[in-house]
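# Commentary on secondary and tertiary structure
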Amino acid sequence: MDELLSRGLDLLLETEPGLEPYIGQYRRAQLQNKLEAYVGELELFNPAYGLVGTENHEELIIKHILDSLAPLGHILRTIQNSGDPPPVPQIADAGTGAGLPGLPLACALPDYQFTLIERMGRRIGFLQNSLAVLGIENVRLEQADIEKARSGPFHLITFRAFRPLEQPILKALLKLLAPGGALAAYKGRLEKIQEEMKPIEHLLSSWEALPVQVPFLEEERHLVVIRK
């Protein structure tokens, strides 16, 4: 058992007790096994594929796995507060790269359907292999630029890769949303978020920056929830 990952999941539960049905004792062993297998695949292929910007195991767990899972409570509430929560929420991860944050979220939410959208073929190949190794059945892959993606509509679209969030990408993402859907952007400092949102606020009905505490990470993190 990876003790750092296990302690990180414990801290997430302490921060968000409502996550017990998702990462608590009932599903804990299965979730931990899948996440550890995923970390193993990342560490195996990262030197050749350049999947993530670290080769340090501790950083990989904290800055990628736990960072992906830390906003889980916000994500669940965003879907549940959409006005008409769907029986099976459809979630996309745009520009997923190595599968972050989409693959850890899919491990934690096996009853939700995920689509990971990525333009690079070698990363799609890595994800195909990872899905087979982990035995994940609630994820499909689409190789495409965001502007050319044909999947959807989605109730929620997550992304970490776009910095800053510019109008062409924003418009493409909004087109993929179902009515009442939302974008969920993984971001850092609030001051920088406010600067980034000013040029695109006129395209949106609302947005909010929700603070996120990533276990063991002493950096300011937010989930920016954006609605049409």
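Everything below is about the structure shown above.
No experiment lies behind these values; they were computed from the predicted model shown.

Attention now moves to the environment of C107. Residue position: C107 is located in helix α6 (residues 102-108). In this structure C107 comes out as buried when scored by relative accessible area, which is 9%. Note: C-alpha distance between C107 and Y22 (85 residues apart in sequence) is 9.4 Å. Look past the residues within four positions of C107 in its chain and what remains in contact with it is L31, K34, L35, L134 and I136.

This part is about unusual backbone geometry. With omega at 5 degrees, the peptide bond leading from L100 into P101 counts as cis. Topologically, P101 is positioned in the loop between β1 (90-94) and α6. For the bond from G152 to P153, the omega torsion is 0 degrees, close enough to zero to count as cis. For P153, the position within the fold is in the loop between β3 (139-143) and β4 (154-159).

Once that is clear, we can look at the pattern of salt bridges. Per the counting criterion, the structure on display carries 9 salt bridges. The partner of R221 in a salt bridge is D67, and the shortest N-O contact between them spans 2.8 Å. With R221 in strand β7 (residues 221-227) and D67 in helix α4 (residues 57-69), the pair connects residues that are 154 residues apart, well separated along the chain. Exposure remark for R221: the relative accessible area of 11% places this residue in the buried category. We classify D67 as buried; its relative accessible area is 3%. With a shortest N-O distance of 3.6 Å, R189 and E191 are connected by a salt bridge. The network of salt bridges with common partners includes D67, R160 and R221.

Moving on to the pairing of β3. For strand β2 (residues 113-118) and β3, the ladder comprises 5 bridges, and the chain directions are parallel. Each residue of the ladder has a partner; that of T115, found in β3, is R140. In this view, the connection linking β2 to its parallel neighbour β3 by way of helix α7 (residues 121-134) has right-handed handedness.

The element β7 is largely enclosed, with a buried count of 6 among its 7 residues. Sheet analysis places strand β5 (residues 177-187) next to β7, joined by 6 bridges and oriented antiparallel. Residue A182 lies in a different strand from β7, and its bridge partner there is R227. As judged from the 7 bridges shared by strand β6 (residues 206-212) and β7, these two strands associate in the antiparallel manner. Residue pairing for β7: S206 is matched across the bridge by R227.

This part covers α7. Helix length check: α7 (14 residues) gives 20 Å between terminal C-alpha atoms against 20 Å at 1.5 Å per residue, within 8%. The elements touched by buried residues of α7 are α3 (25-49), α6, β2 and β3. A positive phi of about 70 degrees marks G135, the residue just after α7.

Right, let's talk about helix α5 (residues 72-80) for a bit. Most of α5 sits inside the fold, with 7 of its 9 residues counted as buried. Buried residues of α5: L72, G73, H74, I75, L76, T78 and I79, and no others.

Conventions adopted
Residues numbered from 1 in each chain as written. Predicted model: local features only at pLDDT ≥ 70, side-chain atom pairs only at ≥ 80, totals over all residues. Heavy atoms only, no water. Helix = DSSP H or I, 4+ residues; strand = E, 2+ residues; numbered from the N terminus. Buried < 20%, exposed > 50% of the residue type's maximum accessible area, 1.4 Å probe, protein only. Contact = heavy atoms within 4.5 Å. Salt bridge = Lys/Arg side-chain N within 4 Å of Asp/Glu carboxyl O. Pairing = 2+ DSSP bridges. Right-handed = clockwise from strand over helix to strand, strands pointing away. Expected span 1.5 Å × (residues − 1).

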